[in-house]
Amino acid sequence: MPDYLITPAGRKIAYHLTDGMGPAVVFLGGFKSDMGGTKAVFLEDWARRQGRAFLRFDYSGHGDSSGAFTDGAIGDWYHDAQAAIGLVAGPVVLVGSSMGGWISLLLARSQPDRVAGLVTIAAAPDFTEDSMWAGATEAQRAALMTDGQIALPSEYGDPYIITRRLIEDGRDYLVLRAPLQLPFPVRFLQGTADKDVDMAVAQRLLDHAQGPDMRLTLVDGADHRFSDDACLALIADSITDVIARAER
């Protein structure tokens with residue numbers, strides 16, 4: 001059973017925290033995913049074997065946390081993540097998957113003194129604007145403005161319900177429109193067969209961000225899940241590399 005924290009906004013956030021040495025590894029999941037996913041559970045087991053502290057959690061409206069998914073937006077989930085990392089003392093290594101990559105960049109921008117390193121997996125910064133809004137038809141945009149929401153097809157089950165608030169709130173948290181300093185080891189991981197986040201997004205992020213130790217690794221044939229044995233091993237190796245470089 002998960003433990004729970006109450007955020008300053010009153011949201012009830014479910015989490016699992018494994019004690020161990022620092023820097024703690026914090027996994028940030030994707031849009032409409034939860035902390036029971038393959039990558040999160042694999043990394044928790046990996047961290048336990050390493051004797052390393054590890055935190056996974058559900059944003060509000062996701063998994064075991066409170067709230068409805070359609071009530072949430074990027075700012076809410078970013079503030080949930082801020083509250084969650086408050087459970088951990090000292091520096092952290094952020095591991096952000098898809099939307100979690102965007103949120104990890106927001107955390108790195110606002111709390112660079114807390115971040116020892118960063119690993120992203122198919123990071124999707126600014127996707128509400130650059131993918132959802134930019135990819136919507138004029139009819140969909142009109143429906144979003146008048147009806148407050150639209151449904152978009154998903155390969156992962158039920159359609160995504162996209163709300164006007166999600167789009168408008170996302171504009172307050174964009175990270176690719178202003179300088180983005182990442183003054184710690186960073187590893188961006190991206191599959192070439194990802195149908196949800198194009199490789200061009202990873203290249204744009206690498207080109208846009210500024211830092212002394214950033215690398216982009218492309219995995220031929222890997223999809224957005226990035227969860228087969230080879231991809232999971234690469235994630236663990238990337239975290240190990242980031243920690244080793246951060247501790248030099």
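Structure first, text after, so check above.
Summarised in this report is the structure supplied together with it. (Residues numbered from 1 in each chain as written. Predicted model: local features only at pLDDT ≥ 70, side-chain atom pairs only at ≥ 80, totals over all residues. Heavy atoms only, no water.)

In this model helix α1 (residues 38-50) runs 18 Å from its N-terminal to its C-terminal C-alpha over 13 residues, within 8% of the 18 Å that 1.5 Å per residue would give. Taken together, the buried positions of α1 are occupied by Lys39, Ala40, Leu43, Glu44, Trp46 and Ala47. Looking straight down α1, one finds its buried side chains confined to an arc of 165°; they lie on one side. Along its buried surface, α1 packs onto β2 (12-18), β3 (21-28), β4 (52-57), β5 (92-97), β6 (115-121) and α8 (229-246). Of the residues trailing α1, Gly51 is marked for its positive phi of about 75°. (Helix = DSSP H or I, 4+ residues; strand = E, 2+ residues; numbered from the N terminus. Expected span 1.5 Å × (residues − 1). Buried < 20%, exposed > 50% of the residue type's maximum accessible area, 1.4 Å probe, protein only. Arc of directions from axis to C-beta. Contact = heavy atoms within 4.5 Å.)

On to empty space enclosed by the protein. Over the atoms a probe the size of a water molecule is rolled, and this reveals where empty space is left. Under the definition given, this model contains three cavities of 30 Å³ or more. Of the volumes computed, that of the largest cavity is approximately 50 Å³. Of the residues contributing to the lining of the largest cavity, the split by class is five nonpolar, two polar and three charged. (1 Å grid on protein atoms, 1.4 Å probe; cavity = no way out; pocket = protein on both sides within 12 Å on 5 of 7 lines; lining within 4 Å. Points joined across faces, edges and corners; volume = space filled by probe spheres on them. Nonpolar A, V, L, I, M, F, W, Y, C, P; charged D, E, K, R; others polar.)

What follows concerns the nonpolar core. Residues Leu28, Phe31, Phe57, Ile74, Trp77, Ile162 and Leu182 are the most contacted members of the largest nonpolar core, which totals 56 residues. Contacts of Ile74, omitting those with residues within four sequence positions, involve Met99, Trp102, Leu106, Phe127, Thr128, Leu166, Asp169, Gly170 and Tyr173. Counting 23 residues, the second-largest nonpolar core is a separate cluster that includes Val25, Val95, Ala116 and Phe226. (Core = buried A, V, L, I, M, F, W, Y, C linked by side-chain atoms within 4.5 Å.)

Across the interface, helix α4 (residues 127-135) lies against helix α5 (residues 138-147) with an axial gap of 8 Å and an inter-helix angle of 105°. The angle between the axes of α4 and α5 places the two elements in the roughly perpendicular class. On α5, the residues touching Trp133, Ala134 and Gly135 of α4 are Gln140, Arg141, Leu144 and Met145. Of the residues in the contact of α4 with α5, the class split is four nonpolar, two polar and one charged. (Axes fitted to C-alpha atoms, helices over the stretch in contact; angles between N-to-C directions. Parallel < 35°, antiparallel > 145°, perpendicular 65-115°, else oblique.)

Treat this as a map of the structure, not an account of what it does.
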